[in-house]
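Residues per chain, in single letters:
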Amino acid sequence: MRVPGRGIPPYTVNVAGPGVTRGQRPPPAPRHPTAGGPTPRPGSRAHAKARRAAERRSRSPWFIRQLVLTAALAGVTLGLVMVTQQRWRQGLFGVGAVLLVMALARLALPTRSVGMLAVRGRLFDVVTLLVLGLSVIGLTLTVPIPIPGT
């Protein structure tokens, strides 16, 4: 918004930054950082590009990056294999225990470490995994054990 009769905006604070007077624009930021040049500003495209390049250099196989999820999938797979081998009670109890361990891991570890186990917020993930794990264990324990000979 301009004040009528003046060519200067109505602000009094120098919002353009140090060394820039009113009416001048700040110099444009470099598009790509040069090797050995100044480091890119945080939040800029060059900074994001440099961060992505560093992440690509430190990549390892997905099952190492997603170690918590890999362990959870292995535990659930083992439990389901036990279910298919007529040991359904131990298998489902194991699946429920894995869900509880996943809830504990989601609660204790930082979001960056749990990888794809972080779906929503921490509280939502922990409560959901706890409810599912306790439900599976509770339902497994409520099925009566058949007594042979009756």
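Because the structure is predicted, anything quoted here is derived from the model rather than measured.

(A) Structural context of the side chain of Thr 140. Inspection of the secondary structure puts Thr 140 in helix H6 (residues 122–142). Here Thr 140 is in contact with Trp 88, Arg 89, Leu 92 and Phe 93, once residues within four sequence places are set aside.

(B) View of the pattern of salt bridges. One pass over the full model with this rule turns up one salt bridge. Taking the shortest distance from any N to any O, the salt bridge between Asp 125 and Arg 106 comes out at 2.9 Å. Separated by 19 residues along the polypeptide, Asp 125 in helix H6 and Arg 106 in helix H4 (residues 88–108) bring together distant segments of the chain. Both residues of the pair, Asp 125 and Arg 106, count as buried.

(C) Structural context of the environment of Ala 103. As for its position among the elements, Ala 103 is in helix H4. Between the C-alpha atoms of Ala 103 and Val 127, which are 24 residues apart in sequence, the distance is 7.6 Å.

(D) Geometry of the packing of helix H3 (residues 67–84) against H4. Running from amino to carboxyl end, H3 crosses H4 at an angle of 165 degrees, the nearest separation of the two axes being 7 Å. Classed by the angle they form, the pair H3 and H4 counts as roughly antiparallel. For the element pair H3 and H4, the recorded crossing hand is left-handed. Contacts from Val 68, Ala 72, Gly 75, Val 76, Gly 79, Leu 80, Met 82 and Val 83 in H3 reach Trp 88, Gln 90, Gly 91, Leu 92, Val 95, Val 98, Met 102 and Ala 105 in H4. The class makeup of the residues in the contact of H3 with H4 is twelve nonpolar, four polar and no charged.

(E) Just unusual backbone geometry, in detail. Positive phi outside glycine occurs at Gln 86, with the angle close to 65 degrees. Tracing the backbone shows Gln 86 in the loop between H3 and H4. When its relative accessible area of 68% is taken as the criterion, Gln 86 is described as exposed.

(F) A nonpolar patch on the surface, seen in detail. A surface patch of nonpolar side chains, about 290 Å² in accessible area, is lined by Leu 123, Val 127 and Val 131. The residue Val 127 is located in helix H6 in this model. Classification of Val 127 as partly exposed rests on a relative accessible area of 42%.

(G) Inspection of the nonpolar core at higher detail. Grouped together as the largest cluster of nonpolar side chains are ten residues: Val 68, Ala 72, Val 98, Leu 99, Met 102, Ala 103, Ala 105, Val 114, Leu 117 and Leu 129. Of all the secondary-structure elements, those providing two or more residues to this core are H3 and H4. For this core, the leading source of residues is H4, giving five residues.

(H) Quick look at H4. Under the 1.5 Å per step criterion, the end-to-end length of H4 is 30 Å for 21 residues, consistent within 8% with the ideal 30 Å. Tucked into the core, H4 has its buried residues touching H3, helix H5 (111–114) and H6.

(I) Expanded view of H3. Between its terminal C-alpha atoms H3 stretches 26 Å, which fits the 26 Å expected from 18 residues at 1.5 Å a residue. Among all positions in H3, only Val 68, Leu 69, Ala 72 and Gly 79 are buried. Buried residues along H3 cover an arc of 95 degrees about the axis, so they all sit on one side. The outward face of H3, more than 90 degrees from its buried face, is lined by the exposed residues Leu 67, Ala 71, Leu 78 and Thr 84. A positive phi of about 65 degrees marks Gln 86, the residue just after H3.

Analysis parameters
Residues numbered from 1 in each chain as written. Predicted model: local features only at pLDDT ≥ 70, side-chain atom pairs only at ≥ 80, totals over all residues. Heavy atoms only, no water. Helix = DSSP H or I, 4+ residues; strand = E, 2+ residues; numbered from the N terminus. Contact = heavy atoms within 4.5 Å. Salt bridge = Lys/Arg side-chain N within 4 Å of Asp/Glu carboxyl O. Buried < 20%, exposed > 50% of the residue type's maximum accessible area, 1.4 Å probe, protein only. Axes fitted to C-alpha atoms, helices over the stretch in contact; angles between N-to-C directions. Parallel < 35°, antiparallel > 145°, perpendicular 65-115°, else oblique. Left-handed = near helix turned anticlockwise from the far one by under 90°. Nonpolar A, V, L, I, M, F, W, Y, C, P; charged D, E, K, R; others polar. Patch = residues over 30% accessible without salt bridge, like charges linked within 9 Å, V, L, I, M, F, W, Y side chains within 5 Å. Areas by Shrake-Rupley, 256 points an atom, 1.4 Å probe, with all protein chains shown as cover. Core = buried A, V, L, I, M, F, W, Y, C linked by side-chain atoms within 4.5 Å. Expected span 1.5 Å × (residues − 1). Arc of directions from axis to C-beta.

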